[in-house]
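Geometric and topological summary
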Amino acid sequence: MKYRKQGYASLIIGLLIVILSSCIGVTADITVSSNGSGTIELEYRLSRLAESLGKLDGNERWPTVPIGKADFERSLARLPGIKLRSFSTKNDGQDLVNTVKLEFSDPAGLVRFLDATGQRAVLSQENGKYRLSLTLFSGSGQIDPDLMALFTAVSQGYSLRLTLTAPREGTLSVYDSTGNPLGNVSAITIVPKGKTVSFKSLISDIFTLSNGAKLELTWE
């Protein structure tokens, strides 16, 4: 059984993609209960520069990522199986920091939120075990060194952290976009096994991986 949905805007994956053209840090803590429902606690830090990109002439109504509560409500209204429970925002002087809590009714609702196009997040179930494949970066070959240097400079200090807490032991593996294990990559820190598994990397380090990066998470 596979869950794939098309026609909606991606949220978390959209946040990851926009990193290429702005400064953003993402923390996503996912908790799944034994009946398949669960919560997502999401924090993302959007630089003031990135926020301003959505306010250029003609862009005000369509920000690149969901900046405010109204943006999230509009997006979630098109995604069955997931609800917004709380939303808060603050400006720490450098970044706009949004903290969001959501609830999903089943694993399909979780996948719709991660990537409703079904292209970068795919969930399958077999013999009571769920397997989630989440593409962070598909890879694009050699990146121009000058562009990479600029991106590294502006993304300094921004990171991606994702955790999954399941009722029983889960696993997390990291692969490139062709399905080969990444092995020991010093830029990436993972907890690969346990009731809580996790992935963490600086944003700039993810995009130095010419063959991309994909997470595979399993749980029962």
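Description of the structure in this document.

1. Digging into the packing of aromatic side chains
- Across all of its chains, the model carries three aromatic pairs by this definition.
- The interplanar angle of 25° and the centroid separation of 5.5 Å between the aromatic rings of Tyr130 and Trp219 together place this pair among those described as stacked. A residue pair is termed long-range when its members are at least 10 positions apart, and Tyr130 in strand S7 (residues 129-137) and Trp219 in strand S11 (residues 213-219) qualify at 89 residues. An identical accessibility class is assigned to Tyr130 and Trp219; each is buried.
- Cluster of aromatic residues (ring-pair linked, three or more members): Tyr44, Phe72 and Phe87.

2. Examining the pairing of strand S6 (residues 121-126)
- Inspection of the sheet shows S6 paired to S7 by six bridges, in the antiparallel sense. Pairing of Gln125 across the sheet is with Tyr130, part of S7.
- Linking two consecutive strands that pair antiparallel, namely S6 and S7, is a turn of two residues; a positive phi of about 55° is found at Asn127 within it.

3. A closer look at the side chain of Asp176
- Inspection of the secondary structure puts Asp176 in the loop between strand S8 (159-175) and strand S9 (188-191).
- No salt bridge is formed by the buried Asp176; the nearest opposite charge belongs to Lys214, separated by 7.1 Å.
- A polar atom in the side chain of Asp176 sits 2.6 Å from the side chain of Thr178.
- Ignoring anything within four residues of it in the chain, the contact list for Asp176 reads Leu182, Asn211, Gly212 and Lys214.

4. A few points about the side chain of Ser201
- Among the structural elements, Ser201 can be located in strand S10 (residues 193-202).
- Taking the relative accessible area as the measure of exposure, Ser201 reaches 3% and is therefore buried.

5. Some thoughts on the environment of Leu79
- The topology assignment puts Leu79 in the loop between helix H3 (69-76) and strand S4 (82-91).
- Sequence separation between Leu79 and Arg112 is 33 residues, and the spatial gap between their C-alpha atoms is 6.5 Å.

6. Things to note about unusual backbone geometry
- Here the phi dihedral of Asn127 falls at roughly 55°; this positive angle occurs in a residue that is not glycine.
- You can see Asn127 is positioned in the loop between S6 and S7.

7. What to know about the environment of Ala70
- Mapped onto the fold, Ala70 is located in helix H3.
- Given a relative accessible area of 40%, Ala70 falls into the partly exposed group.
- The spatial distance from the C-alpha of Ala70 to the C-alpha of Phe87 is 9.9 Å, given a sequence separation of 17 residues.

Criteria and thresholds
- Residues numbered from 1 in each chain as written.
- Predicted model: local features only at pLDDT ≥ 70, side-chain atom pairs only at ≥ 80, totals over all residues.
- Heavy atoms only, no water.
- Phe/Tyr/Trp six-rings, centres within 6.5 Å; stacked < 30°, edge-to-face > 60°.
- Helix = DSSP H or I, 4+ residues; strand = E, 2+ residues; numbered from the N terminus.
- Buried < 20%, exposed > 50% of the residue type's maximum accessible area, 1.4 Å probe, protein only.
- Pairing = 2+ DSSP bridges.
- Lys, Arg positive; Asp, Glu negative; His and termini not counted.
- Salt bridge = Lys/Arg side-chain N within 4 Å of Asp/Glu carboxyl O.
- Polar contact = N/O pair within 3.5 Å; in protein donor to acceptor, adjacent residues only side chain to side chain.
- Contact = heavy atoms within 4.5 Å.

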